[in-house]
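Chains, contacts and geometry: an overview
Residues per chain, in single letters:
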Amino acid sequence: MHEASTKAQTLIEALPYFQRYAGRSFVVKYGGNAMGDEEAAREFAEDIVLLKAVGINPVVVHGGGPQIGAMLKKLGVESTFVDGLRVTDKATAEVAEMVLSGAINKALVSSIARAGGKAVGLSGKDGGLVTARKVERTTKDPESNIERALDLGFVGEPSAVDTTIIETATAAGMIPIIAPIGTGEDGHTYNINADTMAGALASALGAARLLLLTDVPGVLDKSGALLTDLTPADIAALREDGTISGGMIPKLETCVSAVEAGCEAAVVLDGRVPHAMLLEFFTARGAGTLISAR
Ligand SMILES: Nc1ncnc2c1ncn2[C@@H]1O[C@H](COP(=O)(O)OP(=O)(O)O)[C@@H](O)[C@H]1O
Ligand SMILES: CC(=O)N[C@@H](CCC(=O)OP(=O)(O)O)C(=O)O
């Protein structure tokens, strides 16, 4: 009896959150590092199906950086990174599309089906969802101080987003699972960083939340303590004093762009924690680091 009343209490506490977010989109970025074992994949799928069941529209954008790296290694293709972006020649773009749109995308669609949901696997190419433009990067020669262009190959960033395919799938009761690949303005296949892709979709959809699932509890300060709430100004300061580095820099840049473009809030959270998304969603304080415009 006691256990049943605790369960009822938990559901009642969640009611205001169901009501607040019913009919809104949650864009969830599931990083390659956060994809753990089978158990973790099962729990992730259950959380997504539960969100859908209570009237929220989850949209999953997945990564797969470590998995692309493993496949390239198997094939004997070298890979290098500039500012966290994989330099992508034609062969690398083919492998990235095969791993992302093929293996990982379909495994996630199957996990959702096993959890009782209906998912549709897409990439940015489908239905004209994402048009990509080539990413431009420059570097300064340390001796002459002259700026020179760096060619990252087929690395893209969204230049236009048409959300029709997402809205159509969502209206039909399906959960869109999206691989970060897009068609370029020049017709080529472009490899897009999954955080960037998720942020662009969250902005275009005016999402209630952009959730970025990674392999740390959130944004940590210099002593390793969790920073629970950040604004774009706080993030600029953390970048300035070197608290954030590596993959966290593009991740937070994505969060800032999304909240400035109309997504209500972004959250960086630990995808390795069982049911991380539900903890974020159902508790007043949430989990991880919440980034909002002010
Ligand atoms: N201040 C910080 N707080 C938390 N993580 C940080 C910070 N600065 C740098 N990082 C690094 O950012 C990483 C997350 O980015 P990334 O590896 O790109 O994740 P993902 O593969 O999930 O997209 C963390 O594992 C950590 O090494
Ligand atoms: C251009 C670029 O770097 N694309 C990424 C796409 C996958 C990704 O972003 O995966 P994670 O989120 O798991 O890191 C790559 O090739 O690794």
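For the chain, the name recorded in an unreviewed UniProt entry is Acetylglutamate kinase, with Qipengyuania aquimaris as its organism. Under the heading Sequence similarities (unreviewed entry), UniProt records this for the chain: "Belongs to the acetylglutamate kinase family. ArgB subfamily." Per UniProt, the comment on the chain under Pathway (unreviewed entry) is "Amino-acid biosynthesis; L-arginine biosynthesis; N(2)-acetyl-L-ornithine from L-glutamate: step 2/4."

1. Focus on the overall build of the chain
In terms of helices and strands, the chain carries 9 helices and 16 strands. Its C-alpha atoms give the chain a radius of gyration of 19 Å, near enough to 19 Å, the size a compact globule of 294 residues would have. Each of the three principal axes of the chain carries a C-alpha extent, and together these read 75 × 40 × 35 Å. Within the chain, buried positions represent 45% of all 294 residues. Accessible surface for the chain amounts to roughly 14,000 Å². Of this, 55% is attributable to carbon and sulfur atoms. One way to put it: in the chain the 26 positive side-chain charges average out to a point 3 Å from where the 36 negative ones average out.

2. Side note on the site of ligand 1
In the region of ligand 1, 15 residues are neighbours, and Thr214, Asp215, Leu220, Thr243 and Lys251 sit closest. At a separation of 3.0 Å, an oxygen atom of ligand 1 approaches a polar side-chain atom of Asn33. Contacts to ligand 1 include Thr214, whose side-chain N or O atom sits 2.8 Å from an oxygen atom. Taking 580 Å² as the accessible area of ligand 1 by itself, protein coverage stands at 75%.

3. Quick notes on the sheet that holds strand 2 (residues 57–62)
With respect to topology, 8 strands assemble into an open sheet ordered 5-10-2-1-13-15-16-14, the strand pairing being mixed. Because the sheet does not close on itself, it has two edges, and the strands there are strand 5 (119–123) and strand 14 (229–230). In terms of strand pairing, strand 2 meets strand 10 (residues 175–179) through 2 bridges, oriented parallel. Counted as the bridge partner of Val61 is Ile178 from strand 10.

4. Remarks on the site of ligand 2
Around ligand 2, the structure places 16 residues, and the nearest of them are Lys29, Gly32, Arg86, Asn191 and Ala194. Separating an oxygen atom of ligand 2 from a backbone N or O atom of Gly32 is a distance of 2.7 Å. Take Arg86: an N or O atom from its side chain is 2.8 Å from an oxygen atom of ligand 2. The fraction of the free accessible surface of ligand 2 (430 Å²) that becomes covered by protein chains is 90%. Among the elements that take part in the shell around ligand 2, helix 3 (residues 65–74) stands out by supplying 3 residues, more than any other. Here the residues of the shell around ligand 2 are counted per class, giving 6 nonpolar, 8 polar and 2 charged.

5. Looking at helix 2 (residues 38–53)
An α-helical segment advances 3.6 residues per turn. Residues three or four places apart therefore align on the same side. Its 16 residues place the ends of helix 2 22 Å apart at the C-alpha level, agreeing with the 22 Å of an ideal helix rising 1.5 Å per residue. Looking at helix 2, one finds that the buried residues are Glu43, Phe44, Ala45, Asp47, Ile48, Val49, Leu51 and Lys52. Taken from the residues just after helix 2, Gly55 is the one with a positive phi, measuring 100 degrees.

6. Looking at helix 8 (residues 248–260)
For helix 8, with 13 residues, the first-to-last C-alpha span of 18 Å sits near the 18 Å given by 1.5 Å per residue. Here helix 8 has its buried residues at Met248, Lys251, Leu252, Thr254, Cys255, Val256, Ala258 and Val259. Positioned one or two residues after helix 8, Gly262 has a phi angle of 115 degrees, which is positive.

Calculation criteria
Residues numbered from 1 in each chain as written. Chains lettered and ligands numbered in written order. Predicted model: local features only at pLDDT ≥ 70, side-chain atom pairs only at ≥ 80, totals over all residues. Heavy atoms only, no water. UniProt positions renumbered as here; feature names shortened; annotations may be inferred. Helix = DSSP H or I, 4+ residues; strand = E, 2+ residues; numbered from the N terminus. Rg over C-alpha atoms; globule rule 2.2 N^0.38 Å. Buried < 20%, exposed > 50% of the residue type's maximum accessible area, 1.4 Å probe, protein only. Areas by Shrake-Rupley, 256 points an atom, 1.4 Å probe, with all protein chains shown as cover. Lys, Arg positive; Asp, Glu negative; His and termini not counted. Charge placed at Lys NZ, Arg CZ, Asp CG, Glu CD. Near = heavy atom within 4 Å. Polar contact = N/O pair within 3.5 Å; in protein donor to acceptor, adjacent residues only side chain to side chain. Pairing = 2+ DSSP bridges. Nonpolar A, V, L, I, M, F, W, Y, C, P; charged D, E, K, R; others polar. Expected span 1.5 Å × (residues − 1).

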